[in-house]
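Chains, contacts and geometry: an overview
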Amino acid sequence: MDKTAPTETVVKGIAASQGIAYGQIFLYVQKDLDLPQFQIDPARRVEEIARFDRALLETRKEITRVRAEVARNLGEDEARIFDAHLMVLEDQALIGETIREMENTGLNIEACFHRVSQRYVKAFEEIPDEYLRERVADIRDVSKRVLHALLGQAAASLGSMLQNRIVAANDISPSDAASIDRSNVLGIVTEGGSRTSHAVIVARSLKVPAIVGAAGIAAQARDGAWAILDGYDGLVILNPTEQTLFRYGKLQEKRRSVESRIMSVSRLPAETQDGVRVTLLANIEKADEVELVRNYQADGVGLYRTEYLFLNAEHLPDEEQQFTAYAAVAQGLAPLPVVLRTLDLGGDKADLGGVARIESEANPFLGFRAIRICLESPEFFKKQLRAALRASACGNVQIMYPMISGADEVAQANRLLEEAKRELAARGQAFDPKVKVGSMIEIPSAAATMDLLCAECDFFSVGTNDLIQYTLAIDRLNVRIAHLYQPTHPAMLRTLRTIFGEAARHKLPAGVCGEMAGDPIYTGLLLGLGATSLSMAPPLIPTVKYLVRNLKMADARKFAKEMLELRDAREIQARCEEFYRERTKELSLG
Ligand code: PEP
Ligand code: MG
């Protein structure tokens, strides 16, 4: 063995998306800039200005390079944001003011540039004009690049990742996740995050492995190092030896044969052995996932997370742009239903790159989020509602509100929906006047008032990711308490029983669209408790379907009843695993 080869190191984390990847690491570490501030000798000012000029030039080259790369990989539309960045870079007022700041204060050029760009950001944030306010994101982004250039450090960017890499990061925000070039990612491993963080949701929809809570990965992994990502057991093996590679190769072979067994049912109906047809739907984030939904034979889209259109946007998408995206999905899948969830911004999706300000909050998941933002900005919300309504003329669109805490919020949202309908009618634009309206059930107060919500809604979908976090008071992104995030907590089972029971009493459908719905371990439990549909990342559909075809609904109901009698989350979890294993023995790797 080569004595100079780096030693194999295993980092343990939490398995979040299944699969095994082998490839080179792309290290994505976001560090706060350590900005020096010191007085400079007046005789050195010319030198400082020359340094500033060089940094601007370097930044220009860097932006032009990234622009070309993004245009090549993602298209001209996505690349246009960088034109706006180049304009900021050429802003003579910004440059002139930085030099004047240096002359007035005698400080080094990076400190002056930082001060001036901060002033610009603040001034632009206060401008009532929406277009100008949107420039804040560009100024922030460009300033960061210039400061990196002045300090001689390269700024990390997921958009500029090389092909076929495993992303290793301390954390990946939803807007980072949205900027990942999806064709280039082999897998994702993060120190922070959780099984329901958005980078993981992206990984699942790409069918690549993801591991979260891998403490120390950002410090131990080297950019370009080779690694195995084991998304089944939550392991990252840095610099694997030949023996390890051989072992994983064998394991991969077995997994492939299991996979082909599962895929053998993918074109068959999701029908239980006692003849009950189960509705399996897809969760999507972008309009271009229509193909994926079709390929995995989903019965429609149960959750279209429309806020992804807003993350990383150069401008807030207007009604027309929203309509184009929604109509593409509706038309592409008609007559299948498409549940379009209205904006769920805030929480961990507060970073819009500055195009819309969501103030940072002490408890963002308990804060200004989703429907709360929309009801406070009715004109902004109605833009989305009009776009959704117009899309309802192109297919089978249903509208769903997120983060509903009670019937009054649904009533308010419905009033705005009616206004939006009247506005469209006045314009002579087509829409489905009977468009179905639903609520996500992800806050315990909504679950407790299901009977009241039934008067305002046509359907429900349980967002277990949030419902678990709010029921058990466990921040869904906090690695420290990830072990306490228990989908099988008796409180969850009782809450789910209430939700499905009340909906059924009012003859309304209630499905599940949180991550629990895509984990076959919970399929028997959820169906047995009364879920009328399960919605998940499209690649997970065949595995869930496999189990559906191997169970009897009568057994699932009996099983759920038994589980409701148990007191311990771990015991219920173990019984769910057993329920799955007993019915899928031929999928075992052992
Ligand atoms: C959920 O909370 O379960 C859900 C589906 O919504 P999101 O993950 O987008 O918050
Ligand atoms: Mg949610």
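First, a word on what this report is: a plain description of the structure on this page. Note that the coordinates shown come from a computational prediction; the quantities given were computed from them, not determined experimentally. (Residues numbered from 1 in each chain as written. Chains lettered and ligands numbered in written order. Predicted model: local features only at pLDDT ≥ 70, side-chain atom pairs only at ≥ 80, totals over all residues. Heavy atoms only, no water.)

1. Considerations on the coordination of the magnesium ion (ligand 2)
What counts is decided by this rule: Donor criterion used throughout: N, O or S atom within 2.8 Å of the metal, extended to 3.2 Å for Na, K and Ca. Water excluded; incomplete-looking sites may result. Note on conventions: DSSP H or I runs of at least 4 residues are helices, E runs of at least 2 residues are strands, and numbering of each starts at the N terminus. The buried label goes to any residue with under 20% of its type's maximum accessible area, the exposed label to any with over 50%, and the partly exposed label to all in between, with areas taken from a 1.4 Å probe on protein chains only.
On the protein side, the magnesium ion (ligand 2) has Glu 442 (OE) and Asp 466 (OD) as donor atoms, found 2.0 to 2.2 Å from it. Highlighted residues: Glu 442 in the loop between β13 (436–441) and α17 (444–448) and Asp 466 in helix α19 (residues 464–472), separated in sequence by 24 residues. Of the residues examined, Glu 442 reaches a relative accessible area of 2% and is grouped as buried. The exposure class of Asp 466 is buried, given its relative accessible area of 2%.

2. A word on the nonpolar core
Where we set the bar: In these notes, a set of buried Ala, Val, Leu, Ile, Met, Phe, Trp, Tyr and Cys residues joined through side-chain atoms within 4.5 Å is what counts as a nonpolar core. Contacts: residue pairs with any heavy atoms within 4.5 Å of one another.
Ranked by internal contacts, the top residues of the largest apolar core, which has 110 residues, are Tyr 401, Phe 460 and Leu 534. Ignoring sequence-local partners within four residues, the contact set of Leu 534 consists of Thr 279, Leu 280, Leu 281, Val 512, Ala 517, Thr 523, Leu 526, Leu 527 and Val 544. Of all hydrophobic cores here, the second largest spans 29 residues; its members include Ile 40, Phe 52, Val 116 and Phe 124.

3. With respect to the site of ligand 1
Rule in force here: The rule for a residue being near a molecule or strand is that one of its heavy atoms must lie within 4 Å of it. Pairs of N or O atoms within 3.5 Å make up the polar contacts considered here, provided that, within protein, one atom can donate a hydrogen while the other can accept it, and that residues adjacent in sequence are counted only when both atoms are side-chain atoms. Method for areas: the Shrake-Rupley scheme with a 1.4 Å probe, in which residue coverage is limited to the protein chains shown. The classification used treats Ala, Val, Leu, Ile, Met, Phe, Trp, Tyr, Cys and Pro as nonpolar, Asp, Glu, Lys and Arg as charged, and all other residues, Gly among them, as polar.
Contacts to ligand 1 come from 16 residues, most closely from Arg 305, Arg 341, Gly 463, Asn 465 and Arg 476. Arg 341 is positioned such that a nitrogen or oxygen atom in its side chain is 2.8 Å from an oxygen atom of ligand 1. In this structure, Glu 442 approaches ligand 1 through a side-chain N or O atom, which is 3.0 Å from an oxygen atom. For ligand 1, the protein covers 100% of the area, taking 290 Å² as the surface of the free molecule. Elements with a minimum of two residues in the shell around ligand 1: β10 (301–305) and α19. Top contributing element to the shell around ligand 1 by residue count: α19, with three residues. Residues of the shell around ligand 1, tallied by class, amount to three nonpolar, five polar and eight charged.

4. Remarks on the sheet that holds strand β8 (residues 235–238)
To keep it simple, the criterion reads: Strands are treated as partners if at least two bridges between them are detected by DSSP. Note on definitions: angles span 0 to 180 degrees between N-to-C directions of axes, and those axes are lines fitted to C-alpha atoms, for helices only across the stretch in contact.
One open sheet accounts for eight strands, arranged β1-β8-β7-β3-β4-β5-β6-β2; its pairing is mixed. Two strands bound the open sheet, and with one partner strand each, they are β1 (9–12) and β2 (14–17). Strand-to-strand, the axes of this sheet are offset by a mean angle of 30°, without reference to chain direction. Where strand β5 (residues 185–190) and strand β6 (residues 210–212) come together, two bridges link them in parallel fashion. In the sheet register, Ile 188 faces β6, and the bridge partner there is Ala 210. Each of β2, β5 and β6 is contacted by helix α9 (residues 198–206), which is oriented at about 55° to β2, the strand it contacts most.

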